[in-house]
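Report on the structure
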Amino acid sequence: MSVSHWQETAGGQASITHEVVVVGAGLIGSYIANLLVDSGKDVAIVEKQHPASGASGRNAGMVLLGLRDSYNEAIENLGHKSALEIWRMTDTNVRRMRELSKKHQVQYEEIGTYYFGGTPESDADLKQSVTLLERDGFKTLFYDQDPLDRGFGVASYQPDDFATHPAELTQSIADTSGASLYTNDELFAIENQGIGLKVRTRCHVIYCEKVILALNGYAGLVDPFFLPYVSPARGQILLTEPAPRFLDVMCMNYRQTYYRQLPDGRFLVGGGRWQHAKQEHTWADEVTDNVQQYISNFIQRYYPEAADVGISRQWAGIHGMTRDGLPILGKLPHNPSVYFCLGFTGHGNSMGLVAGERAVDMMINGVGPGILGIERLE
């Protein structure tokens, strides 16, 4: 991220002081600010645009148990103990998100999620994952044929997943955090002053003790340290005009598409990134014809009742992807007063709050972030 000399000096910069500066007013940054204020800190949130302007306001609003890999894959990759810890964290996070949605009186729907296979390998993986999840005490079901009769094959079902209005929730958390919120105020430098930090933004010079970066996929634009660890990846969504009600559950089609029908009948479908992975490795949040056509073709094939109602909106958002699909927490080695909590690989709604709690515990009490620490990737 960069600010020109002219932008910085156009209106004059105010010099202010806070104990902690949170950079990024997405879901995680806003929640972290809330926790820090509750702990007695004087907190500022600095945001380039406005709350939920990034991925927190551009996702599908799906709050799900688990992460990118299936439970079976996670156990194979991480070991059973670590996979179980991660899934328990997401289970806690789903409950936190539900509580906050109720507290802030935002739109939310109590609907579960179907996960569909489609190949012999994915079908076997789903079945094994359900067996393992049930053994470890998580609520899930397995269907040996498509419960929606759409031609998808086997399916699993997670009944405690739900959907929320992600931008409305993020905005409300930011507004009620008790932190000073500086919007339309792009960060361009964090300078170590020996005793304390100087944070330079378009409109302010902020003197503080600590900074925490909650920038997710944009972290590499602030400090090149993050480039080997967090990669930007664009996710695209198509939203149709209202259609007659045909779907009362959220769905995930094994790394291809994810979708839900909104209460007003509009059909929301995201996905298609893996077919154009190199193209979608970008910080540009614009839609492209080829991915949008992939989504349109999916709707035409599997949900034709929504194919001809027209398109209401198309948009994109930037994920922060890590190699193992888990977020990274830690401190900058070259500036240890700067903390970070980012890299949610498209699952900020599933992991963001509990990760934020660990980040605050790390900052205030010196407690290590455990399995979420960046050291695991080094």
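Look up: the structure comes first, before these words.
No experiment lies behind these values; they were computed from the predicted model shown. (Residues numbered from 1 in each chain as written. Predicted model: local features only at pLDDT ≥ 70, side-chain atom pairs only at ≥ 80, totals over all residues. Heavy atoms only, no water.)

On to the overall build of the protein chain. When you go through the protein chain residue by residue, the secondary structure sums to nine helices and 21 strands. In summary, the protein chain has a C-alpha radius of gyration of 21 Å against a globular reference of 21 Å for 378 residues, a match within 12%. Within the protein chain, the fraction of its 378 residues that count as buried is 55%. In the protein chain, once contacts between residues fewer than 6 apart in sequence are set aside, the share between residues at least 24 apart is 72%. Per element, the accessible surface of the protein chain, about 16000 Å² overall, is 48% carbon and sulfur. The distance from the centre of the 32 positive side-chain charges to the centre of the 44 negative ones in the protein chain is 3 Å. (Helix = DSSP H or I, 4+ residues; strand = E, 2+ residues; numbered from the N terminus. Rg over C-alpha atoms; globule rule 2.2 N^0.38 Å. Buried < 20%, exposed > 50% of the residue type's maximum accessible area, 1.4 Å probe, protein only. Contact = heavy atoms within 4.5 Å. Areas by Shrake-Rupley, 256 points an atom, 1.4 Å probe, with all protein chains shown as cover. Lys, Arg positive; Asp, Glu negative; His and termini not counted. Charge placed at Lys NZ, Arg CZ, Asp CG, Glu CD.)

Tracing the backbone through its elements, the reader meets Ser 122 in helix H5 (residues 120-135). When residues no more than four places from it in sequence are discounted, the contact partners of Ser 122 are Gly 117 and Tyr 254.

Let's shift gears to the layout of surface pockets. A volume near 530 Å³ is recorded for the second largest pocket. Among the secondary structure elements, those contributing two or more residues to the lining of the second largest pocket are strand E5 (108-109), strand E9 (162-164), helix H6 (166-175) and strand E19 (311-321). The biggest single contributor to the lining of the second largest pocket is E19, with three residues. Taken together, the residues of the lining of the second largest pocket sort by class into 10 nonpolar, seven polar and six charged. (1 Å grid on protein atoms, 1.4 Å probe; cavity = no way out; pocket = protein on both sides within 12 Å on 5 of 7 lines; lining within 4 Å. Points joined across faces, edges and corners; volume = space filled by probe spheres on them. Nonpolar A, V, L, I, M, F, W, Y, C, P; charged D, E, K, R; others polar.)

Over its 18 residues, helix H9 (residues 348-365) runs 24 Å from end to end, which matches the ideal 26 Å to within 8%, given 1.5 Å per residue. With its phi angle positive at about 70°, Gly 366 sits one or two positions after the end of H9. (Expected span 1.5 Å × (residues − 1).)

Here we come to the sheet that holds E9. Pairing within the open sheet is antiparallel, and its three strands lie in the order E4-E9-E5. Each of the sheet's edge strands pairs with one partner strand only, and the pair in question is strand E4 (62-63) and E5. Note that E4 and E9 share two bridges and pair antiparallel. Within E9, the position partnered with Val 63 by the bridge is Phe 162. (Pairing = 2+ DSSP bridges.)

In this section: a nonpolar patch on the surface. A cluster of nonpolar side chains, Leu 221, Leu 227 and Trp 283, forms an exposed patch at the surface whose accessible area comes to about 240 Å². Positionally, Leu 221 belongs in helix H7 (residues 219-222). (Patch = residues over 30% accessible without salt bridge, like charges linked within 9 Å, V, L, I, M, F, W, Y side chains within 5 Å. Salt bridge = Lys/Arg side-chain N within 4 Å of Asp/Glu carboxyl O.)

Phi is positive for Gln 105, close to 55°, though the residue is something other than glycine. In this fold, Gln 105 is placed in the loop between helix H4 (80-103) and E5. With phi around 50°, Asn 184 is a residue other than glycine that occupies positive phi space. Turning to its location among the elements, Asn 184 is positioned in the loop between strand E10 (180-182) and strand E11 (187-192).

In this section: the state of the cysteines. Overall, the coordinates contain zero disulfides when judged by the stated rule. Not engaged in a disulfide, the cysteine Cys 341 finds its nearest cysteine sulfur in Cys 208; these two sulfurs lie 17 Å apart. (Disulfide = S-S within 2.5 Å.)

Turning our attention to the sheet that holds strand E21 (residues 335-342). As a general point, the strands of a sheet are linked pairwise by backbone hydrogen bonds and lie either parallel or antiparallel. Across the sheet, six strands lie side by side as E10-E3-E2-E14-E21-E20; this open sheet has mixed pairing. Two strands lie at the open edges of the sheet, namely E10 and strand E20 (328-332), each paired on one side alone. Neighbour-to-neighbour, the strand axes of the sheet open up by a mean angle of 20°, direction not taken into account. When strand E2 (residues 20-23) meets strand E14 (residues 210-213), the two strands line up parallel, connected through four bridges. Paired with Val 20 across the strands is Lys 210, a residue of E14. Its contacts with the sheet place H9 against E2, E14, E20 and E21, and it is angled at close to 170° to E21. (Axes fitted to C-alpha atoms, helices over the stretch in contact; angles between N-to-C directions.)

Counting across every chain of the model gives 18 salt bridges. As a salt-bridge pair, Lys 41 and Glu 19 come within 4.0 Å of each other at their nearest N and O atoms. Separated by 22 residues along the polypeptide, Lys 41 in the loop between helix H2 (27-38) and strand E3 (43-46) and Glu 19 in the loop between strand E1 (14-17) and E2 bring together distant segments of the chain. Given a relative accessible area of 24%, Glu 19 falls into the partly exposed group. Between Lys 139 and Asp 160 there is a salt bridge, with the nearest N and O atoms lying 3.8 Å from each other. Of this pair, Lys 139 sits in the loop between H5 and strand E7 (141-143) while Asp 160 sits in the loop between strand E8 (155-158) and E9; the two residues are 21 residues apart in sequence, bridging distant segments of the chain. Classification of Asp 160 by relative accessible area gives partly exposed; the value is 34%.

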